[in-house]
Amino acid sequence: MDTEDMVRGALRDEASRLTVAHWSAEPVRIHARRQRRRMAVGASAVAAALAVAVGTGTVLSARHGDGALAPAAALATQAPLLPAGAAPEAVLAEPGRQLPLDRPDWWMQLKDREICIHDAPSYGSGPGCSGYSWDAGATTELTVQYYAGPDQQGLYNLVYHGPGQVARMTVELDGRAHWATVASLPGTPGYASGYAWAPALKPTGSGKGRPQPLTGIRLAAYDAQGKLLASKSL
């Protein structure tokens, strides 16, 4: 028997002669059980968080526009913001009919592959409108047209064409999301439009009143079940 074995044996013999009273041992056992439970709960929470991160690559929980903003470097991998409150009810529009846009002398027309906006600053109360159109074989796309409006508001006209039935649309500006009212033709035309009144873009300072380029804007389109059909950052 070497020295290490002798030391181990002496320690075991000494421990076997010790008697711990029940009144002192029980609190220790209770404390140990509580500590084990806390560690188990903590480990479960960490495992769940890791499963979300590994399975999706991003946190997909709904974030409202009034909430705290994440660092700018992380925005590209996070889900689009959701505005507070309920989304406006979607609208079905007959082809070529004037759909009012909630401001005097502002309206929109939907056609097979064209969206036409009548903005009061350009046309007054006249019949004209400016169109956005696309080819029949266009791939999935989400884009926006912008029109400067009254009271420092701008009209953001979102356009989605691709698979799925759009039920909700959002536009995000300066870290705050806004609902867009979805408008589409009856049936399955393969596209949907949406309009939102939101803070106007600031002029470029060129003296010609031209708005700044459409940058720092994020668009999103969802179906009725809340599935994200498309998103785009400009």
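Scoring rules and cut-offs
- Residues numbered from 1 in each chain as written.
- Predicted model: local features only at pLDDT ≥ 70, side-chain atom pairs only at ≥ 80, totals over all residues.
- Heavy atoms only, no water.
- Helix = DSSP H or I, 4+ residues; strand = E, 2+ residues; numbered from the N terminus.
- Buried < 20%, exposed > 50% of the residue type's maximum accessible area, 1.4 Å probe, protein only.
- Contact = heavy atoms within 4.5 Å.
- Areas by Shrake-Rupley, 256 points an atom, 1.4 Å probe, with all protein chains shown as cover.
- Pairing = 2+ DSSP bridges.
- pLDDT = per-residue confidence, 0-100.
- Phe/Tyr/Trp six-rings, centres within 6.5 Å; stacked < 30°, edge-to-face > 60°.
- Core = buried A, V, L, I, M, F, W, Y, C linked by side-chain atoms within 4.5 Å.
- Polar contact = N/O pair within 3.5 Å; in protein donor to acceptor, adjacent residues only side chain to side chain.

1. Quick word on the overall build of the protein
Then step 1. Regarding its fold elements, the protein presents three helices and twelve strands.
Then step 2. A burial count over the protein gives 31% of its 234 residues as buried.
Then step 3. Long-range contacts, defined as pairs at least 24 residues apart, comprise 49% of the intrachain contacts of the protein with a sequence gap of at least 6.
Then step 4. For the protein, the exposed area adds up to about 14500 Å²; of that, 56% sits on carbon and sulfur atoms.

2. Thoughts on the pairing of strand S12 (residues 228-233)
Then step 1. Alignment of strand S11 (residues 217-222) against S12, held across five bridges, turns out to be antiparallel. Each residue of the ladder has a partner; that of Ala-221, found in S12, is Ala-230.
Then step 2. Between S11 and S12, which pair antiparallel and follow one another directly, the connecting turn spans five residues, one of which, Gly-226, has a positive phi of 90°.

3. Here we look at the confidence of the model for the protein
Detailed reading of the predicted coordinates is not advisable wherever pLDDT falls low.
Then step 1. Overall, the predicted model of the protein reaches an average pLDDT of 74, with 62% of residues at or above 70.
Then step 2. Low pLDDT (under 50) marks residues 20-24, which in the prediction has three contacts with non-local residues, meaning those over four places away or in another chain.
Then step 3. Per-residue pLDDT stays below 50 along residues 37-75; that stretch engages in 30 contacts with residues further than four places along the chain or on separate chains.

4. Describing the packing of aromatic side chains
Each aromatic ring pair is characterised by the separation of its centres together with the angle its planes make.
Then step 1. Tallied over the entire structure, the rule returns four aromatic pairs.
Then step 2. For the ring pair Trp-106 and Trp-197, a centre distance of 4.9 Å and an interplane angle of 75° mean the geometry is edge-to-face. Linking Trp-106 in the loop between strand S2 (99-100) and strand S3 (107-111) with Trp-197 in strand S10 (residues 191-199), this pair joins segments that are 91 residues apart in sequence.
Then step 3. Taking 4.7 Å as the distance between ring centres and 70° as the angle between the ring planes, the aromatic pair formed by Trp-134 and Tyr-191 counts as edge-to-face. Here Tyr-191 lies in strand S10 and Trp-134 lies in the loop between strand S5 (130-133) and strand S6 (141-148), a separation of 57 residues in the sequence. Residue Trp-134 shares its accessibility class with Tyr-191, and that shared class is buried.

5. Structural notes on the nonpolar core
Then step 1. If you look at the biggest cluster of nonpolar residues, it comprises 20 residues, and the most contacted ones within it are Tyr-156, Leu-158, Val-166, Met-169, Val-171, Ile-217 and Leu-219.
Then step 2. When contributions to this core are tallied by element, the ones reaching two or more residues are S6, strand S7 (153-161), strand S8 (168-173), strand S9 (176-184), S10 and S11.
Then step 3. Those residues within four positions of Met-169 in sequence are excluded, and the remaining contacts are Leu-158, Tyr-160, His-178, Trp-179, Ala-180, Val-182, Ala-192, Ser-193, Gly-194, Ala-220 and Ala-221.
Then step 4. Residues Met-108, Tyr-147, Val-159 and Trp-197 belong to the second largest nonpolar core, which totals 18 residues.

6. Section: the sheet that holds S2
Then step 1. Judged by pairing direction, the sheet is antiparallel, and its four strands sit side by side in the order S2-S3-S4-S5 without closing on themselves. Here the strands that pair on one side only, and so sit at the sheet edges, are S2 and S5.
Then step 2. Relative to S5, strand S4 (residues 114-118) runs antiparallel, the two being bridged by four bridges. By the bridge assignment for S5, Cys-116 is matched with Gly-131.

7. Considerations on the environment of Ser-130
Then step 1. Looking at the element boundaries, Ser-130 is found in strand S5.
Then step 2. Once you skip the residues sitting within four places of it in the chain, Ser-130 turns out to touch Ile-115, Cys-116, Ile-117, Tyr-123 and Tyr-147.
Then step 3. A distance of 3.2 Å separates the side chain of Ser-130 from the side chain of Tyr-147, its partner in a polar contact.

8. Quick word on the side chain of Asn-157
Then step 1. With respect to the helices and strands, the residue Asn-157 is situated in strand S7.
Then step 2. Separated by 2.8 Å, the side chains of Asn-157 and Ser-193 make a polar contact.
Then step 3. For Asn-157, the side chain forms a polar contact with the main-chain oxygen of Gly-194, separated by 3.1 Å.
Then step 4. Non-local contacts of Asn-157, meaning those with residues more than four positions away in its chain, are made with Met-108, Ile-115, Ile-117, Thr-143, Val-144, Gln-145, Ser-193 and Gly-194.

9. Things to note about the pairing of S9
Then step 1. Counting buried residues along S9, eight of its nine residues qualify, which places the element largely inside the surrounding structure.
Then step 2. As paired strands, strand S1 (residues 91-92) and S9 are joined by two bridges and run parallel to one another. Paired with Val-91 across the strands is Ala-183, a residue of S9.
Then step 3. Across five bridges, S8 lies against S9 in antiparallel orientation. Within S9, the residue paired with Glu-172 across the bridge is Ala-177.
Then step 4. Following S8, the chain reverses through two residues before pairing antiparallel with S9; Asp-174 in that reversal takes a positive phi of roughly 50°.
Then step 5. The pairing of S9 with S10 spans three bridges and is classified as antiparallel. Paired with Thr-181 across the two strands is Tyr-195, which belongs to S10.
Then step 6. Turn length for the S9-S10 hairpin, with the two strands adjacent in sequence and antiparallel, is six residues, and the turn residue Gly-187 shows positive phi of about 85°.

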